[in-house]
Amino acid sequence: MISIKTLEQSFREMLRIRLFEERVRREFGKGDMPGFVHVYVGAEAIAVAVCGQLEKTDMITSTHRGHGHCLAKGVEVAPMVAELYGRESGLCHGRGGSMHIADFSKGVLGANAIVGGGIGLAVGAALAAQTLKDGRIAVTFFGDGASNQGVLHESMNLASIWKLPVVFVCENNGWAESTPASYSISVSDIATRAAGYSMPGVVVDATDYGAMHIAAEQAISRARVGDGPTFIEAKFPRQVGHYVGDGEAYRNRDERKNARDSDVISKTRLVLESQGVDVISIVSETENQIIKELDSAFDAARQGKWPSTDELEKYVYSS
Amino acid sequence: MLEVIMPKQGMYEGDVTLIRWLIPDGTDVLVGDVLFTMENEKVEIDIEAEDAGILVQSQEDGFVAAVGTVIGYLVTTRAEYDQIKAKK
Amino acid sequence: MSTAVSDQIVEKSFLQALNDAIAFSMRNDSQVIVLGEDIAGGAGQGTPLEGSMGGTFGVTKGLLEEFGKDRVRDTPISEAGITAATVGAAMAGMRPVLDLMWASFAPNCFDQILNQAAKLRFMSGGQAKIPLVIRMAVGGGLRAAAQHSDTLYPLFTHLPGLKVVVPATPAEASGLLIASINDDNPVIFLEHMALYRTTGLVPVKPEAMRLGKLGVLRPGTDLTIACVGQAALLGIEAAEILAREGIDAEVISLRTLQPLDLDGLVACVSKTQRLVIVEESPPRCSVSADIAASISELLFGKLLAPIGRVNSAATPVPFSPPLEDAYLPSVAKIVNKCKVVLSAV
C-alpha cells in the first residue's frame with residue numbers, strides 16, 4: 001500500500017498530464033498545429049508511477065504517444081509545446097515534432113514514431129549503463145500494438161541473457177489504432193510472454209495508481225541492483241481515439257463510454273476523498289498552475305520563430 | 001463561454017463541411033453530448049461537446065470552411081444566448 | 001601476420017590491419033566496445049573455447065582475451081535487436097562497433113539503420129550523438145550466392161545522417177577504421193571480402209586517415225578511373241594493361257562515399273578530362289550514377305567524353321562461377337570502358 005502523501009502527489013502529477021493533453025487536443029482542433037498528435041489520456045498512472053520513481057539520469061524511450069512520459073520525467077511545458085508547433089524554440093528545434101519529442105537533459109532519449117522503435121534503443125542504453133557501471137537504468141514504454149513486433153522479442157531475449165538494467169513497460173489499452181488486442185495478440189495477458197524470456201512478467205491494473213506504483217517500484221529496484229529486466233503489462237481502457245481527430249468508427253460506442261468510467265484520475269480522486277483529503281483544493285491549485293503555464297506556452301509557441309531554412313542541414317551530422 | 005469549432009482531424013488541413021447539427025439551437029448541453037456531424041474529404045465524424053452549456057448555433061447545416069472555424073458557442077446563461085443571437 | 005619494412009611502416013594484411021585498428025582504438029578509449037554474432041566465438045563456455053573464432057573472418061580475434069566480456073560481446077542472432085542496442089548504447093555514452101557480418105543481413109535491421117541511427121540526431125535537434133560503427137563484409141566473387149554477396153553501397157550512401165566508408169587497401173582499412181571509430185556519427189564501414197587476404201604497407205603506429213578525402217593510388221594523365229573499395233584493385237590492374245598500350249590512367253580509391261570528396265574528384269577530372277567510375281553494384285540508382293551526374297554538372301564543358309560506368313549486372317548475385325564472373329565488374333570490362341571513353345570525340 002502506498003502512503004496517502006504519495007497518492008496525493010501522484011494525483012497532482014496525473015492531473016497535470018491530463019490537463020496538458022486535454023489542452024493539446026483543444027488547441028490542435030484550431031488547425032495551426034502541424035501534422036498530427038496522439039494524446040496520453042487515461043494512461044497517466046503509468047508514466048507517473050514509473051518516471052516518478054526514476055532518477056534524472058535514468059533513461060527512457062517512448063512512443064508516438066510520448067507527452068505523458070516527458071512530463072512525468074520532468075520535461076518543461078513551454079519547449080514541449082513549442083516543439084509541437086515546429087518552432088525553433090522547441091525541444092528539438094522544430095526538427096522532430098510530437099512523435100519524436102526528446103529531452104536528453106532529462107534522460108528522455110526520444111519518442112519514436114516506428115512502432116517498437118524505442119524498445120531496442122532502451123536496451124542499448126541499459127547496455128551502456130551496465131558496461132560503464134554508472135548505476136543508471138533504462139525504461140522503455142510501448143503499446144499492445146508493439147507487443148507483436150519482432151524487435152521486442154529480440155530485445156527481451158538480449159536483455160535477459162545479459163541481465164541488463166532495463167524495464168519493459170507495455171501500455172495495453174486494448175487497441176492498436178483500429179485493431180483490438182483481442183484479435184491480434186495470441187495471449188490474453190501479454191506479460192505471460194515474459195516467462196519465455198526468463199524474466200518476471202507482471203500484469204497491473206493501470207487504473208489503480210497504488211498497484212501501478214508498487215509494480216514500478218519493484219521492477220526499478222530489480223534493475224538497479226543488477227537482477228535484470230522485468231516486463232510490466234499495464235492495462236487500462238483507451239478513452240480517446242488513436243490520434244486527435246480519430247472518430248473511432250471501428251469501435252463500439254458503449255465500450256468507449258465505459259472506458260471513461262474506469263478513469264484513473266476519477267478513481268484516485270475518490271480514494272483521496274475517502275481518506276479526507278481536500279481534493280477540491282488540490283484540483284483547483286493544480287489547474288491554476290498548469291493553465292497559467294499552458295496559456296503562456298501556447299502563446300509563446302504561436303509567436304515563436306520558425307527554424308531558419310538556412311539551417312536546414314544543421315543537425316544531420318555531428319561535426 | 002466556449003467556442004464550438006470544426007476541429008482538425010489527423011493530418012487533413014483542407015476545408016471541412018458542417019453536415020448537420022444534431023442538437024437544436026438553444027438546448028442545454030452536457031459534456032460528451034454529440035453536437036454535430038462534420039465531413040472532411042471522405043470521412044464523416046461526430047463531434048462531442050467539450051463543455052456544458054447552452055448551445056448557440058452561429059452557422060447552418062451545409063456550411064463549408066477551414067478547420068478551426070467557429071460554428072457556434074456554449075454559453076452559461078440565457079442572457080448571453082440572447083446577446084449573441086441579437087448580434088446576428 | 002605482418003612484416004616490418006622499416007621502423008615506420010610494416011606490411012600486413014587488410015584483415016590484420018582491421019584487427020590492429022580495433023585493438024588500438026579499444027586500448028585508447030574505454031568507451032569503445034565491440035559486439036556482433038560470433039565475433040569472439042564459443043560464448044559462455046570459458047577459455048580456451050571462448051574467443052577461439054574472432055569473427056567470421058577473424059577480424060575480431062584476440063579482443064576478448066585482451067578486453068574482456070563486458071567490452072567484447074557475442075550476441076544472439078537478432079540483427080534488429082543488436083543494432084537497436086548499438087544505437088541506444090551510442091546515445092548513452094559508448095562508442096560501439098557492431099559487426100553485422102554481411103551487408104546482405106542489413107535488411108534485417110533496416111529500421112534501426114535508416115529510421116533510428118540516421119535520423120535520431122536530426123529529429124532530436126542535435127541532442128542525440130550517435131558515435132557508432134557498423135562493420136559489414138560485402139561483395140561477390142567468393143561464390144557465396146545472392147544472399148551473402150550484396151554490397152548495398154548506394155542504399156547506405158543515399159541516407160542523410162550516415163557516413164559510408166569503403167577502404168581498398170590495408171592502409172586505408174587501418175586509417176579509415178580508426179577515424180570511423182573516432183567519428184561522432186553513425187558510420188557504415190564496408191569491407192569487401194576479396195580484400196581480407198590482400199597485403200599492403202601500413203604505418204607501424206596506427207593513425208586515423210581523415211574521412212571525406214579520396215586517395216590517388218596511381219597517378220595518371222589520360223583519364224581518371226574512380227573506384228569504390230575493392231574495385232580499385234581491378235582499376236590498378238586495368239591501368240597496367242592500358243599502360244602497355246601507352247595510355248596513362250589515374251586510379252583513385254574514393255575511400256568514403258559519404259562524405260564524398262567531390263572537390264578532390266573535380267580536381268582530378270579537371271586535369272584528365274575523362275572519367276570512368278567502377279562500382280560493384282547494379283547500375284540503377286548506383287553510386288556511379290550519382291557521381292556521374294554530379295561531375296557532369298560541375299565539369300560539363302571540360303569533359304572530352306561522356307562519363308563511363310562499370311557496374312555489376314542488374315541481377316541478384318549468381319552462384320554458378322561463370323555467371324558470377326559475368327555479373328561482377330572485371331579488369332577486362334574496365335579496360336574496354338576506358339577505351340570507349342578515350343575514343344569518344
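Described below are features of the structure shown in this document.

Conventions and cut-offs
- Residues numbered from 1 in each chain as written.
- Chains lettered and ligands numbered in written order.
- Predicted model: local features only at pLDDT ≥ 70, side-chain atom pairs only at ≥ 80, totals over all residues.
- Helix = DSSP H or I, 4+ residues; strand = E, 2+ residues; numbered from the N terminus.
- Rg over C-alpha atoms; globule rule 2.2 N^0.38 Å.
- Buried ≥ 20, exposed ≤ 12 C-beta atoms within 10 Å, placed from the backbone.
- Contact = placed C-beta atoms within 7 Å.
- Nonpolar A, V, L, I, M, F, W, Y, C, P; charged D, E, K, R; others polar.
- Core = buried A, V, L, I, M, F, W, Y, C linked by C-beta atoms within 7 Å.
- Domains from an automatic or database assignment.
- Pairing = 2+ DSSP bridges.
- Axes fitted to C-alpha atoms, helices over the stretch in contact; angles between N-to-C directions.
- Parallel < 35°, antiparallel > 145°, perpendicular 65-115°, else oblique.
- Left-handed = near helix turned anticlockwise from the far one by under 90°.

**Regarding the overall build of chain A**
Logical step 1: Per the secondary structure count, chain A includes eleven helices and seven strands.
Logical step 2: Radius of gyration (C-alpha) of chain A: 19 Å, near the 20 Å computed for a compact globule of 319 residues.
Logical step 3: Expressed as a percentage of the 319 residues in chain A, the buried residues total 55%.
Logical step 4: Intrachain contacts of chain A at a sequence separation of at least 6 include 74% that bridge at least 24 residues.

**A word on the interface of chain B and chain A**
Logical step 1: Each side of the interface is counted separately: chain B has 14 residues, and chain A has twelve residues.
Logical step 2: For the side of chain B that touches chain A, the leading source of residues is strand β5 (residues 43-48) of chain B, giving three residues.
Logical step 3: Class assignment for the residues of the side of chain B that touches chain A results in seven nonpolar, three polar and four charged.

**Some thoughts on the nonpolar core**
Note that soluble globular proteins tend to have their nonpolar side chains buried in a common cluster.
Logical step 1: Counting residues in hydrophobic clusters, the biggest one holds 205 residues, and the most contacted among them are A125 and V166 of chain A together with I225 of chain C.
Logical step 2: Per-element tally for this core: the top contributor is helix α5 (residues 119-132) of chain A, with nine residues.
Logical step 3: Built from parts of two domains, this core gets at least three residues from each of domain 1 (9-203) and domain 2 (215-343) of chain C.

**Digging into the sheet that holds strand β12 (residues 249-253) of chain C**
Residue and element names in this part refer to chain C.
Logical step 1: Strand order across the open sheet formed by five strands is β10-β12-β11-β14-β15, with mixed pairing between neighbours. Looking along the sheet, the strands with just one partner apiece sit at the ends: β10 (215-218) and β15 (308-310). Taking the axes of each pair of neighbouring strands and ignoring which way they run, one obtains an average angle of 25° across the sheet.
Logical step 2: With three bridges connecting them, strand β14 (residues 275-278) and β15 associate as parallel partners. Within β15, the position partnered with I277 by the bridge is R309.
Logical step 3: Sheet strands touched by helix α8 (residues 231-244): β10, β11 (223-227), β12 and β14. Its angle to β12, the strand with the most contacts, is close to 170°.

**Structural notes on the arrangement of the chains**
Logical step 1: In this assembly two pairs of chains touch, with chains A and C having more contacts than any other pair.
Logical step 2: There is a gap between chain B and chain C: no contact, and a shortest C-alpha distance of 19 Å.

**Here's the deal with the packing of helix α1 (residues 4-29) of chain A against helix α8 (residues 209-224) of chain A**
Residue and element names in this part refer to chain A.
Logical step 1: Following both chains from N to C, one finds α1 and α8 inclined at 100°, their axes separated by 11 Å at the closest point. For the element pair α1 / α8, the angle class is roughly perpendicular. Packed against α1, whose contacting residues are T6, L7 and S10, the element α8 presents Y209, G210 and H213 at the interface.
Logical step 2: In terms of residue class, the contact of α1 with α8 is built from two nonpolar, four polar and no charged.

**Some remarks on the packing of α1 of chain A against helix α11 (residues 279-303) of chain A**
Residue and element names in this part refer to chain A.
Logical step 1: Where α1 meets α11, the closest approach of the two axes is 10 Å, and the angle between their N-to-C directions is 40°. In terms of their interaxial angle, α1 and α11 are classed as oblique. As α1 packs across α11, the resulting crossing turns out to be right-handed. Each of E8, F11, R12, L15, R16, L19, F20, R23 and E27 in α1 lies in contact with α11, whose residues at this interface are I282, V283, T286, E287, I290, L294 and F298.
Logical step 2: Of the residues belonging to the contact of α1 with α11, the class tally is nine nonpolar, one polar and six charged.

So yeah, pure geometry; function would need other evidence.
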